[in-house]
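Descriptive structure summary
Residues per chain, in single letters:
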Number of protein chains: 2
Amino acid sequence: MTTTHIDQVSVSTQASVYFDGKCISHGVTLADGTKKSVGVILPATLTFNTGAPEVMECVAGSCDYKLPGSEVWLKSKPGDKFSIPGNTPFDIRVTEPYHYICHFG
Amino acid sequence: MTTTHIDQVSVSTQASVYFDGKCISHGVTLADGTKKSVGVILPATLTFNTGAPEVMECVAGSCDYKLPGSEVWLKSKPGDKFSIPGNTPFDIRVTEPYHYICHFG
């Protein structure tokens, strides 16, 4: 079951543009103050770094990801989630646009 | 005065990806059912086609645009809006990411 919409949010009109536009996201704030982002990663292999811990939820497309200390690429498809600790680099490899919700904390 | 947030909306988690990712947008639905989108266009010169009439509101960055029947490129900066009739092609030229709200109808 994928999350197609997030209701009752305030959406930031300005996007965050990472890696020359290979990753684009918009911040959303829920009614209770919780912050998330919705975004898309275009075909590329990229290394991200978390600040706060993150949970990446795939809503369309797919990606492969590799966490620190692992040599294994794992696949994330619509409805799948994976967690990254805070202040941690991780790799994402995308061959079809990967649409995601990023949950923080 | 730029619109930094749109409040009390339902945001689509899946982006629309146009022109191989040169234009990325997320749909939002307001409490009264009005639909808009928030998006970004990366450096490129692109020809869009409207369905419904659109008003493009710049929230960050800038673009030049050219409407049908005109040979003149006009600049749109944060806080500026321009209108395009329905079923009409128009050109956008971007040299720094152009962040926008698209108002329909």
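Not measured: the values here are computed from a predicted model.

Scanning chain A from N- to C-terminus turns up 0 helices and 11 strands. Taken from N to C terminus, the helices and strands of chain A fall in the order β-β-β-β-β-β-β-β-β-β-β. Over its C-alpha trace chain A gives a radius of gyration of 13 Å, about what one expects of a compact globule, namely 13 Å for 105 residues. If one aligns the C-alpha atoms of chain A with their principal axes, the spans along those axes are about 40 × 30 × 25 Å. Taken over 105 residues, chain A has a buried fraction of 47%. Expressed as a percentage of contacts within chain A between residues at least 6 apart in sequence, the contacts between residues at least 24 apart total 59%.

Right, let's talk about the relation of the copies chain B and chain A for a bit. Taken together, a rotation about one axis and a shift along it account for how the two chain copies relate. Rotating chain B by 180° about the axis while translating it 0.0 Å along that axis superimposes it on chain A, leaving an RMSD of 0.0 Å. The transformation just described matches what one would write down for a two-fold rotation axis. Every residue of chain B has its C-alpha some distance from the rotation axis, and the shortest such distance is that of Q8(B), at 2.4 Å. By residue overlap, the copies meet face to face through one surface: 100% of the interface positions of chain B are interface positions in chain A.

For the rest of this paragraph, the subject is the environment of I41(B). Checked against the element boundaries, I41(B) lands in strand β4 (residues 35–41). With residues near it in sequence (within four places) discarded, I41(B) still touches K22(B), C23(B), L46(B), F48(B), I92(B), V94(B), E96(B), P97(B), Y98(B) and Y100(B).

The subject of this paragraph is the interface of chain B and chain A. In this complex, chain B contributes 28 residues to the contact, which on the side of chain A involves 28 residues. In total, chain B and chain A occlude about 2,100 Å² of area from one another, counting both sides; carbon and sulfur atoms represent 65% of this. At the boundary of chain B and chain A, one finds 0 salt bridges. One can count 13 residue pairs in polar contact (both at pLDDT 80 or more) joining chain B with chain A. Where the side of chain B that touches chain A is concerned, the elements lending two or more residues are β1 (5–12), β3 (23–30), β4, β6 (54–60) and β11 (98–104) of chain B. Here the side of chain B that touches chain A gets 8 residues from one element, more than from any other, and that element is β1(B).

This paragraph deals with the side chain of H99(A). If you trace the backbone, H99(A) turns up in strand β11 (residues 98–104). Looking at H99(A), its side chain comes within polar contact range of the main-chain nitrogen of A15(B), at 3.0 Å. Apart from the residues within four sequence positions on either side, H99(A) is in contact with G39(A), V40(A), E57(A), C58(A), V59(A), A60(A), T13(B), Q14(B), A15(B) and V17(B).

Within a regular strand, side chains alternate between the sheet's two faces. All names here are of chain A. By the alternation rule, side chains of strand β7 (residues 63–66) split into C63 and Y65 and D64 and K66, which are all buried. Pairing between β7 and strand β8 (residues 74–76): 3 bridges, direction antiparallel. Of the residues in β8, the one forming a bridge with C63 is S76.

What counts and how
Residues numbered from 1 in each chain as written. Chains lettered and ligands numbered in written order. Predicted model: local features only at pLDDT ≥ 70, side-chain atom pairs only at ≥ 80, totals over all residues. Heavy atoms only, no water. Helix = DSSP H or I, 4+ residues; strand = E, 2+ residues; numbered from the N terminus. Rg over C-alpha atoms; globule rule 2.2 N^0.38 Å. Buried < 20%, exposed > 50% of the residue type's maximum accessible area, 1.4 Å probe, protein only. Contact = heavy atoms within 4.5 Å. Least-squares fit on C-alpha atoms with pLDDT ≥ 70 in both. Buried area = accessible area lost by both parts, 1.4 Å probe. Salt bridge = Lys/Arg side-chain N within 4 Å of Asp/Glu carboxyl O. Polar contact = N/O pair within 3.5 Å; in protein donor to acceptor, adjacent residues only side chain to side chain. Pairing = 2+ DSSP bridges.

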